[in-house]
Amino acid sequence: MEPPNYSSTSSTSSDSETLLNDSLRVSVLSEALPYIQKFSGKRIVIKYGGAAMVQGNLQEAVLRDIALLSSVGVQPVVVHGGGPEINYWLKQLGMTTQFRDGLRVTDEKTMDIVEMVLVGRVNKQIVSGINKLGALSVGLSGIDGCLIKARPFDNGSHGLVGEVAKVNIDILEPLLSQGYVPVISSVAASEEGKSHNINADTVAGELSAALGAEKLILLTDTPGILRDKNNPSSLIRQLRLSEARQLIKDGIVEGGMTPKTECCIRALAQGVEAAHIINGKVPHALLLEVFTDMGIGTMVIGSG
Ligand code: ADP
Ligand code: MG
């Protein structure tokens, strides 16, 4: 039997598909309402790096999500890495690089390139991308306003790799209260004024704690923390602090996932409510995480 036609024009299957799509769209929007209300006026720190940063169309999608968050009153703070772009420029210059414990061993020459690429290029690309989408963004590094003070990581065993010695968010407050989206590259100066390269996950974690953020979201190139890192279907959806610590001890979490998991643990221990490791390769992963009931990726929670 034909469905009744209430419209003056005749209905086609593409009309009903459009209707279905439209009703799906509005139901998704409607599902977002309590989350928009919950997070409006609140801070969400987003670490942006990995694969989501390399592919142009994904980059656009991530920046759109950030602009959308900002326009519904959420206060996103973006911390970015730029590993692939640093690797590209090091290669162009015939320089090699070595990773130890998931961190780039950084000599003086490498540090020059890291600083030029992250602060000069990647940061400005993100800022300009967000501005283009109609939100207002300002780019900073840890050096600006003494936002982050660095100290050598593990007594300098990795060269100019730093860890966070101190955070001073004074520079961020007026920006956030005026609706700017701060975009921060993870380079910071030591007490002696020497630039250090700090893992961007670590910077995001410390900033989320200092800002009293609602959420810390780390975008990366895997579905989240995997029980078997070669099997994407072994995703761990939810994890308590103590379980996260155990995964590091057991070597299930290793390489680049170690600083991520560690910074989630530190952020939660300092009062951030939830930390998420999600797949930046999934289009609009950020919106899926913030605005849907299911969320995506791995959520690390404080209790326990
Ligand atoms: P990003 O550029 O996003 O910081 P990294 O390469 O530093 O990405 O860290 C993510 C990588 O961590 C993954 O691509 C994966 O190779 C590695 N990894 C190690 N252990 C795990 C695990 N248990 N689950 C998922 N990924 C893991
Ligand atoms: Mg990394």
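Parameters at a glance
Within every chain, residues take consecutive numbers counted from 1 along the sequence as written. Each chain gets a letter, beginning with A, and each ligand a number, beginning with 1, in the order they are written. Only residues with pLDDT of at least 70 are given local features in this predicted model, and only at 80 or more are side-chain atom pairs given and counted; all residues enter the totals for whole chains, interfaces and linings. Where side-chain values are given, they derive from all heavy atoms of the structure, hydrogens and water being excluded. Here the rule is simple: two strands pair whenever DSSP picks up at least two bridges between them. Under the scheme used here, helices are H or I runs from DSSP no shorter than 4 residues and strands are E runs no shorter than 2 residues, and both carry numbers assigned from the N terminus. The angle between two axes is taken between their N-to-C directions and runs from 0 to 180 degrees, where each axis is a line fitted to C-alpha atoms and a helix contributes only its stretch in contact. The pocket and cavity definitions rest on a 1 Å grid over protein atoms only: a 1.4 Å probe that fits but cannot leave marks a cavity, an open set with protein on both sides within 12 Å along at least five of seven lines marks a pocket, and residues lining either have an atom within 4 Å of a point. Grid points are joined across faces, edges and corners, and a volume is the space filled by probe spheres set on the points. Amino acids are sorted into nonpolar (Ala, Val, Leu, Ile, Met, Phe, Trp, Tyr, Cys and Pro), charged (Asp, Glu, Lys and Arg) and polar (every other residue, Gly among them). Any residue with a non-hydrogen atom lying within 4 Å of a molecule or strand is treated as near it. We define a polar contact as two N or O atoms separated by no more than 3.5 Å, with the added condition that, inside protein, one atom must be a possible hydrogen donor and the other a possible acceptor, whereas residues neighbouring each other in sequence contribute only through side-chain atom pairs. Methods summary: accessible areas were calculated by the Shrake-Rupley approach with a probe of 1.4 Å, and residue burial reflects only the protein chains presented. Just a note on the criterion: a molecule sits in a pocket or cavity if more than half of its atoms are within 2 Å of the grid points. Only heavy atoms matter for contacts: two residues are in contact if any of them lie within 4.5 Å across the pair. Exposure categories follow from relative accessible area, calculated using a 1.4 Å probe and restricted to protein chains: below 20% of the type maximum is buried, above 50% is exposed, and the middle band is partly exposed. The arc in question is the one traced by the directions running from the helix axis out to the C-beta atoms. For the purposes of this analysis, a disulfide is any pair of cysteine sulfur atoms at a distance within 2.5 Å.

Let's talk about the sheet that holds strand β6 (residues 148-152)
1) Next: The mixed closed barrel is built from 4 strands, whose spatial order is β6-β7-β10-β9. Across the sheet, the mean angle separating the axes of adjacent strands is 60 degrees when strand polarity is ignored.
2) Next: Strand direction decides the pairing type here: β6 and strand β9 (residues 187-190), joined by 2 bridges, are parallel. Along β9, the bridge assignment pairs K149 with A189.

Regarding the layout of surface pockets
1) Next: Of the pockets and cavities examined, the largest pocket occupies roughly 780 Å³.
2) Next: Surrounding the largest pocket, 37 residues form its lining, G102, N199, D201, G256 and K260 being those nearest its centre.
3) Next: The set of elements that each furnish at least two residues to the lining of the largest pocket consists of α4 (83-92), β4 (103-105), β10 (195-198), α7 (200-210), β11 (215-220) and α9 (257-269).
4) Next: The element that contributes the greatest number of residues to the lining of the largest pocket is α4, accounting for 4 residues.
5) Next: Of the residues in the lining of the largest pocket, the class split is 15 nonpolar, 15 polar and 7 charged.
6) Next: A volume near 380 Å³ is recorded for the second largest pocket.
7) Next: The wall of the second largest pocket is formed by 17 residues, among which F153, E163, T202, E262 and R266 lie closest to the centre.
8) Next: Only β7 (161-167), α7 and α9 provide two or more residues apiece to the lining of the second largest pocket.

Side note on the site of ligand 1
1) Next: Close to ligand 1 lie 17 residues, the nearest being T220, L226, I252, E254 and K260.
2) Next: In this structure, a nitrogen atom belonging to ligand 1 sits 2.8 Å away from a main-chain N or O atom of I252.
3) Next: Between ligand 1 and M257 there is a distance of 3.4 Å, counted from an oxygen atom to a backbone nitrogen or oxygen.
4) Next: The fraction of the free accessible surface of ligand 1 (580 Å²) that becomes covered by protein chains is 78%.
5) Next: In a pocket analysis with a 2 Å cut-off to the grid points, ligand 1 is assigned to the largest pocket.
6) Next: The set of elements that each furnish at least two residues to the shell around ligand 1 consists of β11 and α9.
7) Next: Here the shell around ligand 1 is built from residues that sort into 6 nonpolar, 5 polar and 6 charged.

Here's the deal with the environment of K109
1) Next: Structurally, K109 is set in helix α5 (residues 108-132).
2) Next: K109 sits 70 residues away from F39 along the chain, and the two C-alpha atoms are 42 Å apart.

Notes on the sheet that holds strand β13 (residues 274-279)
Strands belonging to one sheet form pairs held by backbone hydrogen bonds; the direction of such a pair is parallel or antiparallel.
1) Next: The 8 strands are arranged β5-β8-β2-β1-β11-β13-β14-β12 in an open sheet whose pairing can be described as mixed. A single partner strand is all that each edge strand has here, and the edge strands are β5 (136-141) and β12 (238-240). Across the sheet, the mean angle from the axis of one strand to that of its neighbour is 20 degrees, orientation sign disregarded.
2) Next: Two strands pair when backbone bridges link them, and strand β1 (residues 43-48) and β11 are joined in this way by 4 bridges, in the parallel orientation. The residue bridging I44 from the neighbouring strand is K215, located in β11.
3) Next: Packing of α7 onto the sheet brings it into contact with β1, β2 (75-80), β8 (180-185) and β11, and relative to β1 it is tilted by some 175 degrees.

Remarks on the environment of I171
1) Next: Secondary-structure assignment places I171 in the loop between β7 and α6 (172-177).
2) Next: Separated by 19 residues in the primary sequence, I171 and P152 have C-alpha atoms spaced 23 Å apart.
3) Next: Apart from the residues lying within four places of it in its own chain, the contact partners of I171 are L140, D144, G145 and L147.

A look at helix α8 (residues 241-249)
1) Next: Listed as buried for α8 are L241, A244 and L247. The buried residues of α8 occupy an angular sector of 120 degrees when projected down its axis, which confines them to one face.
2) Next: Against the buried residues of α8 lie β12, α9 and β14 (298-301).
3) Next: Two residues or fewer after α8 comes G251, characterised by a positive phi angle close to 75 degrees.

A short note on the state of the cysteines
1) Next: As enumerated under the stated definition, the model contains 0 disulfides in all.
2) Next: The thiol of C263 is not disulfide-bonded; the next cysteine sulfur, from C264, is found 4.8 Å away.
3) Next: Among the residues examined, C264 registers a relative accessible area of 0% and is labelled buried.

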